[in-house]
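The lines below spell out each chain.
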Amino acid sequence: MLKLNSLLTDNVVLQAEKVHLIDGKTEPHCQVSLTIDDLRINETSDSKGTFVFNVPPQAYGLVTKMWITAEKETKEITVQYGDVFLFAGQSNMEYPMSQEAHFLEEQSLMEELPIYFHNVPMPDYELKLDEQSKAEWEQLTSENLGTLSAVAYYAMKEHHKNYPERIIGIVVCSKGGTSASCWMSEEDLSEDVMLKEEILIPFLEATEGKDKEDFDAEFASYLADYQQHVEKRAVWALSLIHI
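Residues numbered from 1 in each chain as written. Predicted model: local features only at pLDDT ≥ 70, side-chain atom pairs only at ≥ 80, totals over all residues. Heavy atoms only, no water.

A. Spotlight on the overall build of the protein chain. Along the protein chain, the regular secondary structure elements total 6 helices and 11 strands. Taking 2.2 N^0.38 as the reference for a compact globule, 243 residues should give roughly 18 Å; the C-alpha atoms of the protein chain span a radius of gyration of 22 Å, well beyond that estimate. Every one of the 243 residues in the protein chain was classed for burial, and the buried ones make up 32%. Expressed as a percentage of contacts within the protein chain between residues at least 6 apart in sequence, the contacts between residues at least 24 apart total 65%. Of the accessible surface of the protein chain, which amounts to about 15500 Å², a share of 53% is contributed by carbon and sulfur atoms. Distance between charge centroids for the protein chain: 5 Å, based on 19 positive and 43 negative side chains. (Helix = DSSP H or I, 4+ residues; strand = E, 2+ residues; numbered from the N terminus. Rg over C-alpha atoms; globule rule 2.2 N^0.38 Å. Buried < 20%, exposed > 50% of the residue type's maximum accessible area, 1.4 Å probe, protein only. Contact = heavy atoms within 4.5 Å. Areas by Shrake-Rupley, 256 points an atom, 1.4 Å probe, with all protein chains shown as cover. Lys, Arg positive; Asp, Glu negative; His and termini not counted. Charge placed at Lys NZ, Arg CZ, Asp CG, Glu CD.)

B. Region of the structure containing the sheet that holds strand β1 (residues 3-4). In spatial order, the strands read β1-β3-β6; together these 3 strands make up an open sheet with antiparallel pairing. At either end of the open sheet lies a strand with only one pairing partner, and these are β1 and β6 (50-55). (Pairing = 2+ DSSP bridges.)

C. Fine view of the packing of aromatic side chains. Taken as a whole and judged by the stated rule, the model has 4 aromatic pairs. Ring centres of Phe-219 and Tyr-222 lie 5.9 Å apart, and the angle between their planes is 35 degrees; this geometry places the pair in the tilted category. Taken together, the residues Phe-219 and Tyr-222, both in helix α6 (residues 212-241) and 3 residues apart, mark about one turn of the helix. Given a relative accessible area of 24%, Phe-219 falls into the partly exposed group. The exposure class of Tyr-222 is partly exposed, given its relative accessible area of 47%. Aromatic side chains Tyr-222 and Tyr-226 sit 6.3 Å apart centroid to centroid with 20 degrees between the ring planes, which places their arrangement in the stacked category. (Phe/Tyr/Trp six-rings, centres within 6.5 Å; stacked < 30°, edge-to-face > 60°.)

D. A look at the pairing of strand β3 (residues 20-25). Residue alternation in β3 divides its side chains into a buried set, His-20, Ile-22 and Gly-24, and an unburied set, Leu-21, Asp-23 and Lys-25. Alignment of β1 against β3, held across 2 bridges, turns out to be antiparallel. The residue bridging Lys-3 from the neighbouring strand is Lys-25, located in β3. Looking at chain direction, β3 and β6 are connected through 6 bridges and run antiparallel. Paired with Asp-23 across the bridge in β6 is Val-52.

E. Region of the structure containing helix α3 (residues 150-162). If you check α3, its first and last C-alpha atoms are 19 Å apart, about what 13 residues at 1.5 Å a residue would give, namely 18 Å. Taken together, the buried positions of α3 are occupied by Ala-150, Ala-152, Tyr-153, Met-156, His-159 and His-160. Those residues of α3 that are buried are in contact with β8 (73-89), α2 (103-108), β9 (115-119) and β11 (168-174). The N-terminus of α3 is capped by Ser-149, whose side-chain oxygen sits 3.3 Å from the backbone nitrogen of Val-151. (Expected span 1.5 Å × (residues − 1). Polar contact = N/O pair within 3.5 Å; in protein donor to acceptor, adjacent residues only side chain to side chain.)

F. Quick look at the environment of Leu-4. Looking at the element boundaries, Leu-4 is found in strand β1. Exposure remark for Leu-4: the relative accessible area of 14% places this residue in the buried category. With 71 residues separating them in the primary sequence, Leu-4 and Lys-75 have C-alpha atoms 8.3 Å apart. Among residues more than four places away in sequence, those in contact with Leu-4 are Asp-23, Gly-24, Phe-51, Ile-68 and Lys-75.

G. Focus on the nonpolar core. With 26 residues, the main nonpolar core has Ile-22, Leu-34, Phe-53, Val-55, Met-66, Ile-68 and Tyr-81 as its most contacted residues. Counting residues per element, the ones that place at least two in this core are β2 (12-15), β4 (31-36), β6, β7 (63-70) and β8. When near neighbours in sequence (up to four residues on either side) are disregarded, Ile-22 contacts Leu-8, Leu-14, Leu-34, Phe-51, Val-52, Phe-53, Val-55, Met-66 and Ile-68. Counting residues in each nonpolar core, the second largest holds 18 residues, with Met-93, Met-97, Phe-117 and Ala-152 among its members. (Core = buried A, V, L, I, M, F, W, Y, C linked by side-chain atoms within 4.5 Å.)

H. Just the side chain of His-160, in detail. On the secondary structure map, His-160 appears in helix α3. Non-local contacts of His-160, meaning those with residues more than four positions away in its chain, are made with Leu-113, Pro-114, Ile-115 and Ile-168.

I. Structural view of a positive patch on the surface. A contiguous patch of positive charge on the surface is contributed by Lys-3, Lys-25, Lys-48 and Lys-134. Checked against the element boundaries, Lys-134 lands in the loop between β9 and β10 (138-139). (Patch = residues over 30% accessible without salt bridge, like charges linked within 9 Å, V, L, I, M, F, W, Y side chains within 5 Å. Salt bridge = Lys/Arg side-chain N within 4 Å of Asp/Glu carboxyl O.)

Dropping the structure here:
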């Protein structure tokens, strides 16, 4: 069993000229190797099967194959080195180009550019994380422009003007309707008086002394209540049909 970080799929863009981490999971205490051209790195997975490679900086524009091997299983992916940007947040970050006022104009002017993007799947709640569909890296085209965050597109369009020779990687991780606090660190929340009083302190008080079993029990209760709501709504909808 060899599983790589979900971002590590074909055409992944990695930050050039920086040390970067390549991680995944396999069997516990297993020998794992990573190969890029003439570079080979060996590691051993920990007691949970997790492994991490520290890969030295690579040059801008490098496009090559990466092989990761654990026992008799090997994963091969195409990797590219350029500039990587993360766009994370609420609905303003999620807002797609397909709904943007100038979408059709931008679509008609699209050229083939060295811009690749990865839209992180958006499960409805945490228990769905393992069931999420696997996203791939896509090269930006007129056909898929509508699925990209408008903020990300215009920001990267400008970056490309400044650095036309560089490969660009975009990772969009957004979820409309989430609290802004979800996208902030505890340190940042604690440094703002209003956020600390309105969000951080109530959260800490509500979760004090609770462990995972407590949260699992509360979530199970929530799901049961939600199921009852769905069933009642279904009965109500059927009653309307017979009126």
